[in-house]
Amino acid sequence: MNPHLDKLHPYPFEKLRRLFTGVTPNPAFAAISLGIGEPKHPTPPFIQKALTHNVHGLATYPSTHGTDALRTAVASWIEHRYGVELDDATQVLPVNGSREALFGIAHCVVDPSVPGALVMCPNPFYQIYEGAAYLAGAQPYFVNSDPARNFGCDYSSVPDDVWERVQLMYICSPGNPTGATLTLDDWKQVFALADRHGFVIAADECYSEIYHGSAAPLGALEAAHQLGRSGGDNPYANLVVFSSLSKRSNVPGMRSGFVAGSPAIIKKFLLYRTYCGGAMSPPVQAASIAAWGDEAHVVENRAKYREKFNLVTPMLSDVVDVGLPDAGFYLWADVSGTGLTDTEFARRLYADYNVTVLPGSYLARDAHGVNPGQGRIRMALVAEVDECLEAVQRIVQFCNALYAPT
């Protein structure tokens, strides 16, 4: 067996299952889960129709490169969203959801024969980054998010001898679980580091279309274009961006996304995915074309999230330290003021009120003397408004009981 498999940590939801072992939730309350970031809004009917009307495509083997129509649809969406023009033949590749592609890119980029190879990850982070690093033969290096920097990472704190060993850098903007987004100055710093040390940037942007202000989050391709990195003999040098329809269009079961950016990296990634069988089903390609070509359902979806966040965030801020994130569908709350650890908070909330939240320490690693998720919980506001409101009302009641004098 591959010995690197022994380095993998249990997934956060497995840890949560163990945490709840032996707990019988209060039967007076129906179960509500804010634990998993799985969109619960209905899939738009026109996407369902495009999928079912193209089942005849199951009779043919799909191309890993995808159809011209799908790559054109993705490139058109990128141009509309970010003001960036890409060659859909060389700079766009459809993938079966961003998860498998974020995992696979490490196997293309990392040279395991180089001693001490590193993959840089934010902390807290999407656990796929860590697993990809280990199974590609590298070690993850974590840079902690800082609440004082709007949960951004202080990359200037990383020593030069570490940067020299970095081969791949994962960036998640908007971030999971913090919702933090990178500014143009942030990207300028990251690009300068990549130029100096030669590593590849994998920008995870699967939450890009769920935002709570008037301005859409800055994308990595957009930032690169504004900083003059989109042309010449090496366009979008060292940069590939990953996105998905799962959150944007409420189709997590369809497993559809794309990777875009550097044609040199895309060429190698296409070769890799041709061997590992990463072709997208023809009916899914047809439904994806329909989804990328429509923005009305995205606006409607975003409005639902805004309604929920604007409704429940003030309620929660009365009992825990939490604020409206830049983007995404998570609330990242500091519950240390309750006198409970994040795991104690989650276990007791589940027992007393049958509401599931995810302890923040499960989404992070001990790094540089601290676990930046400790004392926090992640709440995924993915259900409809009424269910989210009910869950938050129970959390408020739970916290008030903790604060009440005995």
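All values reported here derive from a predicted model rather than from experimental measurement. (Residues numbered from 1 in each chain as written. Predicted model: local features only at pLDDT ≥ 70, side-chain atom pairs only at ≥ 80, totals over all residues. Heavy atoms only, no water.)

1. Quick look at the domain arrangement of the protein chain
Consideration 1: By domain assignment, the protein chain separates into domain 1 (3-42 + 297-403) and domain 2 (59-294).
Consideration 2: For domain 1 versus domain 2, the separation of C-alpha centres amounts to 26 Å.
Consideration 3: Regarding the contact of domain 1 and domain 2, the summed buried area is about 3,500 Å², with carbon and sulfur atoms giving 56% of it.
Consideration 4: Here domain 1 is connected to domain 2 by one salt bridge.
Consideration 5: For the salt bridge of Arg365 with Glu130, the shortest nitrogen-to-oxygen distance reads 2.8 Å.
Consideration 6: On the surface where domain 1 and domain 2 come into contact, there are 24 residue pairs in polar contact (both at pLDDT 80 or more). (Domains from an automatic or database assignment. Buried area = accessible area lost by both parts, 1.4 Å probe. Salt bridge = Lys/Arg side-chain N within 4 Å of Asp/Glu carboxyl O. Polar contact = N/O pair within 3.5 Å; in protein donor to acceptor, adjacent residues only side chain to side chain.)

2. Considering the sheet that holds strand β8 (residues 239-244)
Consideration 1: Here eight strands make up an open sheet; going across it, the order is β2-β9-β8-β7-β6-β3-β4-β5 and the pairing mixed. Two strands lie at the open edges of the sheet, namely β2 (92-95) and β5 (152-153), each paired on one side alone.
Consideration 2: Sheet topology note: the strand β6 (residues 166-172)/strand β7 (residues 200-204) ladder contains five bridges and is parallel. By the bridge assignment for β7, Ile171 is matched with Ala203.
Consideration 3: Packing of helix α3 (residues 68-82) onto the sheet brings it into contact with β2 and β9 (257-261), and relative to β2 it is tilted by some 110 degrees. (Pairing = 2+ DSSP bridges. Helix = DSSP H or I, 4+ residues; strand = E, 2+ residues; numbered from the N terminus. Contact = heavy atoms within 4.5 Å. Axes fitted to C-alpha atoms, helices over the stretch in contact; angles between N-to-C directions.)

3. A short note on the environment of Arg376
Consideration 1: Here Arg376 is to be found in strand β13 (residues 376-380).
Consideration 2: Separated by 202 residues in sequence, Arg376 and Pro174 place their C-alpha atoms 18 Å apart.
Consideration 3: Dropping the residues within four chain positions of it, Arg376 is found in contact with Pro147, Phe151, Trp332, Ala333, Asp334, Val335, Asp342, Leu358, Pro359, Gly360 and Ser361.
Consideration 4: Within the local environment of Arg376, its side chain forms a polar contact with the backbone oxygen of Trp332, the two atoms lying 3.4 Å apart.

4. Some thoughts on the pairing of strand β10 (residues 330-334)
Consideration 1: Burial analysis of β10 places five of its five residues in the buried class, which makes it a mostly covered element.
Consideration 2: Pairing geometry for β10 and β13, over five bridges, is antiparallel. Looking across to β13, one finds that Trp332 is bridged to Arg378. (Buried < 20%, exposed > 50% of the residue type's maximum accessible area, 1.4 Å probe, protein only.)

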